[in-house]
Structure formats: structure tokens, C-alpha cells
Amino acid sequence: MSARAITVVDDVAGAAAERIAAAVRDGGHIALSGGSTPRAAHERVAREELDWSHTQLWFGDDRAVGPQHEHSNYLMVRRSLLDRIRGAQPEVHRIKGELGHDAAAADYERELKTAWGAEGLPRMDLLLLGLGPDAHTASLFGGDDALGERERLAVAVVNPGMAPLVSRVTLTLPVLNAAREVVFLISGEDKAEAVARAFGDAPDPSAPASLIRPDPGNLLVLLDASAASLMGNGA
Ligand code: 6PG
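The shown structure was predicted, so the numbers you read here are calculated from the model rather than taken from an experiment.

Let us look at the pairing of strand 10 (residues 218-223). Most of strand 10 is tucked away: five of the six residues are buried. For strand 1 (residues 4-8) and strand 10, the ladder comprises five bridges, and the chain directions are parallel. Pairing of Ile 6 across the sheet is with Val 221, part of strand 10. As paired elements, strand 9 (residues 181-186) and strand 10 share six bridges and run parallel to each other. Bridged to Val 183 within strand 10 is Leu 220. As for the winding sense of the linkage, the β-α-β connection from strand 9 through helix 6 (residues 192-198) to strand 10 is right-handed.

The structure is reproduced here in C-alpha cells:
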């Protein structure tokens with residue numbers, strides 16, 4: 001039975017760092033989010049004494065750029081986490097954006113299939129997601145074909161609905177919803193409307209985050225009071 005919790009916290013980064021640390025202690029597959037919100041959580045968890053050698057890091061999405069590009073989520077993760085981890089490093093599965101969005105999506109899909117083999121859908125042990133002000137998540141934007149993809153594991157998004165306006169590679173909804181634990185990290189008043197759209201009652205394809213309903217996995221939304229300010233009484 002999947003559980004869903006929406007938890008307002010003062011310290012989103014600290015709460016997220018605790019979840020990441022717990023997943024690292026368990027070992028397994030962790031998919032990181034892009035954007036800016038996760039940065040503080042990465043820096044916090046990098047300070048903990050953890051053995052990352054049993055962890056494989058994946059990306060929910062990335063921009064179809066090289067690993068040194070300013071818009072690269074991998075670069076953000078390298079600077080905020082990987083370069084700060086002391087001791088054994090995790091295995092990192094980077095989306096190779098420098099190949100171009102279609103080739104990068106195909107390459108990432110091959111890597112996912114190799115890791116999970118005949119087990120079927122890749123099942124992340126922990127999947128971190130952010131929320132855009134337009135209620136997109138990963139690089140799944142309202143009205144884009146990628147949102148309706150149910151066969152492929154990773155696809156290109158040529159025209160993202162939000163800056164940076166570079167093409168992307170994203171995990172598809174079936175993979176996101178296959179995760180054992182999905183944790184959203186959300187902060188700031190600019191996300192309040194998106195939060196109300198994403199975590200109300202009914203799923204709404206114009207608010208892609210509302211389609212994140214892991215089953216049998218669990219959903220945890222970690223958000224601050226500003227981001228929760230337009231939620232109903234449920235939060
Ligand atoms: C990306 C992210 C995207 C992000 C949201 C929130 O590649 O940009 O995957 O889904 O999580 O846009 O971004 P912020 O945390 O920067 O607000």
C-alpha cells in the first residue's frame with residue numbers, strides 16, 4: 001500500500017539530507033533532481049560520514065549539454081555533492097548531454113536497462129524531484145509528448161516549457177512512479193501555486209507533478225511554509 005505525506009518543514013535541505021543519508025546507508029539506486037533547490041541538501045549530506053560505495057547515482061533529468069556547461073545538472077551535483085564526499089565515491093550514471101538529446105536519451109535508456117536487466121522497470125530506491133512554478137517536474141512539462149510516454153524509460157524534450165530553454169533528457173512517468181520512495185524538495189512562495197495544483201486531489205496533465213503517484217512506492221513532499229501557503233487544510 002503506497003503512502004503519501006505532505007510535510008511542512010522549516011529546513012527542507014536538512015530534512016532532504018536525512019532522507020538521502022538513509023538511502024546511502026541502505027545502498028542502492030538514488031536518482032537526483034536538477035535545478036537549484038537540491039544544492040543545499042547535497043552540501044549537507046556530503047558533510048556526513050557515509051560509505052557511498054554501495055550507492056549508484058542517477059539523474060531524474062538533465063539538460064542536453066556537456067558536463068562542464070553552466071546549465072548541467074550533473075555539474076551542479078558534482079560541485080554540491082560529488083566533489084565534497086570524503087572517501088569512496090558512488091557509481092554515477094550521467095546523462096551524456098553532449099551526445100545531443102536523442103542520442104543521450106538512448107544512451108541513458110541503455111544504461112538503465114543494463115542496470116535492471118530483465119527485472120523490467122528501473123526501480124529507484126530513492127527518487128528526488130523538484131517542482132517548477134508551472135508544476136513541471138523532472139523535465140516533464142504540460143502539453144509535451146514526453147508526459148504521455150509509457151514505453152520508453154528516458155526521452156528527449158526538445159522544447160522545455162521553462163528556462164533554461166535548452167533541450168533536455170528526462171526519465172518518463174512510468175520510471176518515476178516505479179520508485180520505492182519519491183521525495184519532492186520544494187521551497188519558496190513562487191512555488192505555492194504549483195504546489196496547490198500538484199498536490200491537490202485530482203491528477204491534472206497540465207500540472208505534471210500531480211501525475212507523480214508512486215505505487216506501491218511512497219510519496220513524501222518536503223516543503224517550507226511559503227511553498228505550502230496556498231494548500232488546503234491538508235498540509
Ligand atoms: C531541472 C529540474 C527541474 C527542477 C524544477 C525546480 O532540470 O530544472 O529537474 O524539474 O527540479 O524546475 O527547480 P528549482 O529547484 O531550481 O526551483
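Below, the discussion takes up the site of the ligand. Every one of the 16 residues lining the ligand counts as a neighbour, but Ser 36, Thr 37, Asp 61, Ala 138 and Lys 191 are closest to it. Residue Ser 36 places a side-chain N or O atom 2.7 Å away from an oxygen atom belonging to the ligand. When its residues are assigned to classes, the shell around the ligand shows two nonpolar, 10 polar and four charged.

Taken as a whole, the largest pocket spans an internal volume of roughly 570 Å³. For the lining of the largest pocket, the residue count by class is 10 nonpolar, 13 polar and eight charged.

Attention now moves to the packing of helix 1 (residues 12-26) against helix 2 (residues 38-46). At a minimum axis separation of 8 Å, helix 1 and helix 2 run at an interaxial angle of 55°. With respect to helix 2, the axis of helix 1 lies oblique. Once helix 1 is placed against helix 2, the crossing between them reads as right-handed. Side by side, helix 1 and helix 2 meet where Ala 13, Gly 14, Ala 16, Ala 17, Ile 20 and Ala 21 of the first sit next to Ala 40, Ala 41, His 42, Arg 44 and Val 45 of the second. When its residues are assigned to classes, the contact of helix 1 with helix 2 shows eight nonpolar, two polar and one charged.

Of note, the bond from Ala 163 into Pro 164 is cis; its omega dihedral lies within 30 degrees of zero at -5°. Its location among the elements puts Pro 164 in the loop between strand 7 (154-157) and strand 8 (168-171). The linkage connecting Asp 215 with the following residue, Pro 216, adopts the cis geometry, with an omega of 10°. Within the fold, Pro 216 resides in the loop between helix 6 and strand 10. One non-glycine residue, Ala 135, lies in the positive phi region at around 70°.

The next subject is the pairing of strand 7. Burial of strand 7 is two-sided: the residues Ala 154 and Ala 156 facing one way and the residues Val 155 and Val 157 facing the other way are all buried. Bridging between strand 7 and strand 8 involves four bridges; their strand directions are antiparallel. Opposite Ala 154, over in strand 8, you have Leu 171 as the bridge partner.

Here we take up the packing of aromatic side chains. For the structure shown, the criterion picks out four aromatic pairs. Residues Phe 184 and Phe 199 carry aromatic rings whose centres are separated by 5.0 Å and whose planes lie at 75° to one another, so their mutual orientation is edge-to-face. With Phe 184 in strand 9 and Phe 199 in the loop between helix 6 and strand 10, this pair connects stretches of sequence that are 15 residues apart. Look at Phe 199 and you get buried, because its relative accessible area is 3%. Put simply, the rings of Trp 58, Tyr 108 and Trp 116 touch in pairs and so form one group of aromatic residues.

Paired through their backbone hydrogen bonds, the strands of a sheet run either parallel or antiparallel. Spatially, the seven strands line up as an open sheet ordered 1-10-9-6-2-3-5, and their pairing is parallel. Each edge of the open sheet is held by one strand with a lone partner, namely strand 1 and strand 5 (91-92). In this sheet, strand 6 (residues 126-129) lies alongside strand 2 (residues 28-32) in parallel orientation, the contact comprising two bridges. Looking at strand 6, one finds that Ala 31 is bridged to Leu 127. Strands in contact with helix 4 (residues 101-116) are strand 2 and strand 3 (55-59); relative to strand 3, the strand with the most contacts, it is inclined by about 150°.

Quick notes on the rules
- Throughout, a residue's number is its position along its own chain's written sequence, starting from 1.
- Given that this is a predicted model, residues contribute local features only at a pLDDT of at least 70 and side-chain atom pairs are listed and counted only at 80 or more, while totals for whole chains, interfaces and linings are drawn from all residues.
- In computing side-chain properties, one takes all heavy atoms of the structure into account and sets aside hydrogens as well as water.
- Per-residue accessibility, obtained with a 1.4 Å probe over protein chains only, is compared with the maximum for each type, and a residue is labelled buried under 20%, exposed over 50%, and partly exposed between these values.
- Helix and strand definitions follow DSSP, with helices as H or I runs of at least four residues and strands as E runs of at least two, each counted in order from the N terminus.
- One bridge is not enough; two strands pair if DSSP finds at least two bridges between them.
- Look down the strands so they point away from you; if the path from the first strand over the helix to the second goes clockwise, the crossover is right-handed.
- The rule for a residue being near a molecule or strand is that one of its heavy atoms must lie within 4 Å of it.
- Side-chain atoms alone can form a polar contact between residues adjacent in sequence; in general such a contact is a pair of N or O atoms within 3.5 Å, and within protein one must be able to donate a hydrogen while the other accepts it.
- We call Asp, Glu, Lys and Arg charged. Ala, Val, Leu, Ile, Met, Phe, Trp, Tyr, Cys and Pro are nonpolar, and the rest, Gly among them, are polar.
- Lining residues are those with an atom within 4 Å of a point, where the points come from a 1 Å grid over the protein atoms alone and group into cavities, where a 1.4 Å probe fits but cannot get out, or pockets, open sets with protein on both sides within 12 Å along at least five of seven lines.
- Grid points are joined across faces, edges and corners, and a volume is the space filled by probe spheres set on the points.
- For helices, the axis comes from a line fit to the C-alpha atoms of the stretch in contact; other axes are also lines fit to C-alpha atoms, and the angle between any two N-to-C directions lies between 0 and 180 degrees.
- Here the angle decides the label: under 35 degrees means roughly parallel, over 145 means roughly antiparallel, 65 to 115 means roughly perpendicular, and every other value means oblique.
- Each crossing is labelled by how the near helix is turned from the far one, with a counterclockwise turn of less than a right angle marking it left-handed and a clockwise turn marking it right-handed.
- Contacts are assigned to residue pairs that have any heavy atoms within 4.5 Å of one another.
- Between rings of Phe, Tyr and Trp, where Trp is taken as its six-membered ring, a pair exists when centres lie within 6.5 Å; planes separated by under 30 degrees are stacked, by over 60 edge-to-face, and by other angles tilted.

Scope: geometric values only; no functional claims are made or implied.
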